[in-house]
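# Results of the structural survey
If you want the building blocks of each chain, they are given just below.
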Amino acid sequence: MLHWLIILLVGQVSQSMAELKRIEIRPRNLTHNLQSEILLLKAKYLSSADESVEAKEILVNAANFAYYGEISIGTPPQNFSVLFDTGSSNTWVPSSLCPASDVACQSHNQYKSSASSTYVPVGTNISIVYGTGSMEGFLSNDTVRIAGLNVTNQTFAEATAEPDGFFDSQPFDGILGLGFNTLSNGINTPVDNMIAQGLLDKPEFSVYLRRNGSSLIGGEIIWGGTDPSIYHGSITYVPVSVPQYWQFTVDTGTINGQILCRGCQAIADTGTSLIIVPKRAFTAINKQLNATDNGDGTASIPCWEICKLPTLYLNIGGTRFSLAPKDYIIKIVGENGSSQCLSGFEYLEGNLLWILGDVFIGKYYTVFDLGNERIGFAKVRSQKAKTNRYYNGHKESSVYEEARAEYSDTIGYERTSEYGRQYRNDRYEPHILDRSYPEQYAYADYSFT
């Protein structure tokens, strides 16, 4: 059986096909903060491991595109929104024992162990290091429910102190790690326990992330299998080279004929917004894009130059995966309405890995196969086709009415002079099937949202 969990993408919500088990997620918005992301990435990938006896893990949070959904812990269930992160392995939520002075804890749902009949104390202290401070807490054990799956005897952390500032306004309560348990001192992840308890048909999960579209269309995590309707062609698998993060080898990376790397190590990380590359590759990419180095690990590009930019190729397992300008350029609209276009490639001082975040995973359906310690990629099918199927199935619902209203707003934007300036090239023209018949339309894909 395939169990589905629907996740949120930049305030976007998706529903799986009616015959499959699903959990709906409320739409919420995130604010992009590249500096926070870079700081957290440094803590995650560049900090030295702590050798104390306490369970410690370096975690990261997506500062732009966050993928989070609902789980519950305990009996009766206590509900939490958690961020799903393939780049970490611990699971934690705020504890009811946190002090009243902890703003982040008090502003989110808290786990109360005394209210759960299936709670088992563990007590081991845990410190999860961030770039902005540490999450302090202790380990507990209880039943965790994910997409209708009851994962018993799951060890997780109760947070009694969270880093100041950063988590105060985050839309999720905690983190659910999807990396290997070697990152969590051998503590089984929820996926480990799903497999051990026979809850999955296959020892794997797959991720479909929708980076563009409306706030009603997000992505999905599929537990225990894959959905061929999401991707086309075959899945290209490569072995995990270091079973901690989901790390693998990229044969070559090229842009405009220039080789960026050979045999480079990469990580598929849903907790990273963009693509983090080594300094040499960052410099070479900027030269090919005629991008301006902002001096903070990011680079800017004039939005009107996008149609002239080259495609970047990654050869993985003998298959060439492309990233066109519409895939790797991020358009950010400021509060005053001004627009800025950023390269989807960031640089992190001291990093030697290619960290493939949502820019890549959003285009390529990704399979995380724990049983065979391998990772697979396949191109996502046209999102317009999936959008049509979704709306045709929900045209009588309030969700459909919201979608129809949002569609009307989309058309209004398309007719403005701002749209003409930014999307004049036919290559980026929205695909709207029938303006007069809302049941059969697909959302405009502006590519830069």
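Everything numeric here is computed off the predicted structure, so don't read it as measured data.

### Thoughts on the pairing of strand β20 (residues 319–323)
Relative to β20, strand β19 (residues 312–316) runs antiparallel, the two sharing five bridges. Bridging across to β20, Asn-315 finds its partner in Arg-320. Remark: two residues form the turn of the hairpin made by β19 and β20, two consecutive strands paired antiparallel; Gly-317 in that turn has positive phi of roughly 60°.

### Section: the side chain of Asn-286
Mapped onto the elements of the fold, Asn-286 is located in helix α4 (residues 279–289). Of the residues examined, Asn-286 reaches a relative accessible area of 7% and is grouped as buried. Excluding residues within four positions of it along the chain, Asn-286 makes contact with Ala-291, Asp-293 and Ala-299.

### Quick notes on the nonpolar core
Formed by 71 residues in total, the largest nonpolar core has its most connected members in Phe-205, Trp-223, Phe-248, Trp-354 and Phe-360. Sequence-distant contacts of Phe-205, that is, excluding residues within four places in its chain, are made with Thr-86, Leu-178, Val-191, Ile-221, Ile-222, Trp-223, Gly-224, Trp-246, Thr-366, Val-367, Phe-368 and Leu-370. In terms of nonpolar packing, the next biggest core, distinct from the first, is built from 14 residues, Ala-104, Met-135, Leu-139 and Ala-157 among them.

### Comments concerning the state of the cysteines
Across all of its chains, the model carries three disulfides by this definition. Bridging Cys-98 to Cys-105, the disulfide has an S-S length of 1.9 Å. Between Cys-98 and Cys-105 the disulfide shows an S-S torsion of about -85°. By sign, it is left-handed. Of the two residues, Cys-98 and Cys-105, both sit in the buried class. Paired by a disulfide, Cys-261 and Cys-264 hold their sulfur atoms 2.0 Å apart. Across this residue pair, the class does not change: Cys-261 and Cys-264 are buried. What connects to what in the chain, once the bonded cysteines are numbered by sequence position, is 1-2, 3-4, 5-6.

### What to know about empty space enclosed by the protein
According to the stated counting rule, one finds one cavity of 30 Å³ or more in the structure shown. Here the largest cavity defines a volume of roughly 50 Å³. Every residue lining the largest cavity is listed: Ser-89, Asn-90, Thr-91, Gln-154, Thr-155, Phe-156, Ala-157, Ser-184, Ile-187, Asn-188, Thr-189 and Pro-190.

### Quick word on the environment of Val-122
Positionally, Val-122 belongs in strand β6 (residues 120–130). Among the residues examined, Val-122 registers a relative accessible area of 39% and is labelled partly exposed. Separated by 18 residues in the primary sequence, Val-122 and Ser-140 place their C-alpha atoms 4.9 Å from one another. For Val-122, the contacting residues outside a window of four places in its chain are Leu-139, Ser-140 and Asn-141.

### Comments concerning unusual backbone geometry
Cis geometry is adopted by the peptide bond preceding Pro-76, which originates at Thr-75 and carries an omega value of -5°. Inspection of the secondary structure assignment puts Pro-76 in the loop between β3 (67–73) and β4 (78–85). Look at Ala-147: it is not a glycine, yet its phi comes out positive at around 55°. A positive phi angle, close to 55°, is found at Asn-153, a residue other than glycine.

### Re the packing of aromatic side chains
Tallied over the full model, the rule gives 17 aromatic pairs. Taken together, a centroid distance of 5.2 Å and an interplanar angle of 15° make the contact between Tyr-231 and Tyr-365 stacked. Placement of the pair is Tyr-231 in the loop between β11 (219–223) and β12 (236–239) and Tyr-365 in strand β25 (residues 364–369), with a sequence separation of 134 residues. The two residues Tyr-231 and Tyr-365 agree in class, both being buried.

### Notes on the sheet that holds strand β21 (residues 329–333)
With respect to topology, four strands assemble into an open sheet ordered β17-β18-β22-β21, the strand pairing being antiparallel. Each of the sheet's edge strands pairs with one partner strand only, and the pair in question is β17 (292–293) and β21. Across five bridges, the pairing between β21 and strand β22 (residues 339–343) is antiparallel. Each bridged residue has a counterpart across the sheet, and for Ile-330 the counterpart in β22 is Leu-342.

Procedures and definitions
Sequence order sets the numbering: in each chain, residues are counted from 1 along the sequence as written. Given that the model is predicted, a residue must reach a pLDDT of at least 70 before its local features are reported, and side-chain atom pairs must reach 80 or more before they are shown or counted; all residues, however, enter totals for whole chains, interfaces and linings. Side-chain descriptors were evaluated using all non-hydrogen atoms of the structure, hydrogens and water having been removed beforehand. A pair of strands counts as paired when DSSP detects no fewer than two bridges linking them. A run of DSSP states H or I qualifies as a helix once it reaches four residues; a run of E qualifies as a strand once it reaches two. Both are numbered from the N-terminal end. Burial classes: relative accessible area under 20% of the type maximum marks a residue as buried, over 50% as exposed, and values in between as partly exposed (1.4 Å probe, protein chains only). Contacts are assigned to residue pairs that have any heavy atoms within 4.5 Å of one another. We define a nonpolar core as any set of buried Ala, Val, Leu, Ile, Met, Phe, Trp, Tyr and Cys residues linked to one another through side-chain atoms lying within 4.5 Å. The criterion for a disulfide is a pair of cysteine sulfur atoms lying within 2.5 Å. Of the two site types, the cavity is a set of points on a 1 Å grid over the protein atoms alone where a 1.4 Å probe fits but cannot get out, and the pocket is an open set with protein on both sides within 12 Å along at least five of seven lines, each lined by residues with an atom within 4 Å of a point. Grid points are joined across faces, edges and corners, and a volume is the space filled by probe spheres set on the points. Only rings of Phe, Tyr and Trp enter the pairing, Trp through its six-membered ring, and a pair is recorded when the two centres are within 6.5 Å. The plane angle decides the type: under 30 degrees is stacked, over 60 is edge-to-face, the rest tilted.

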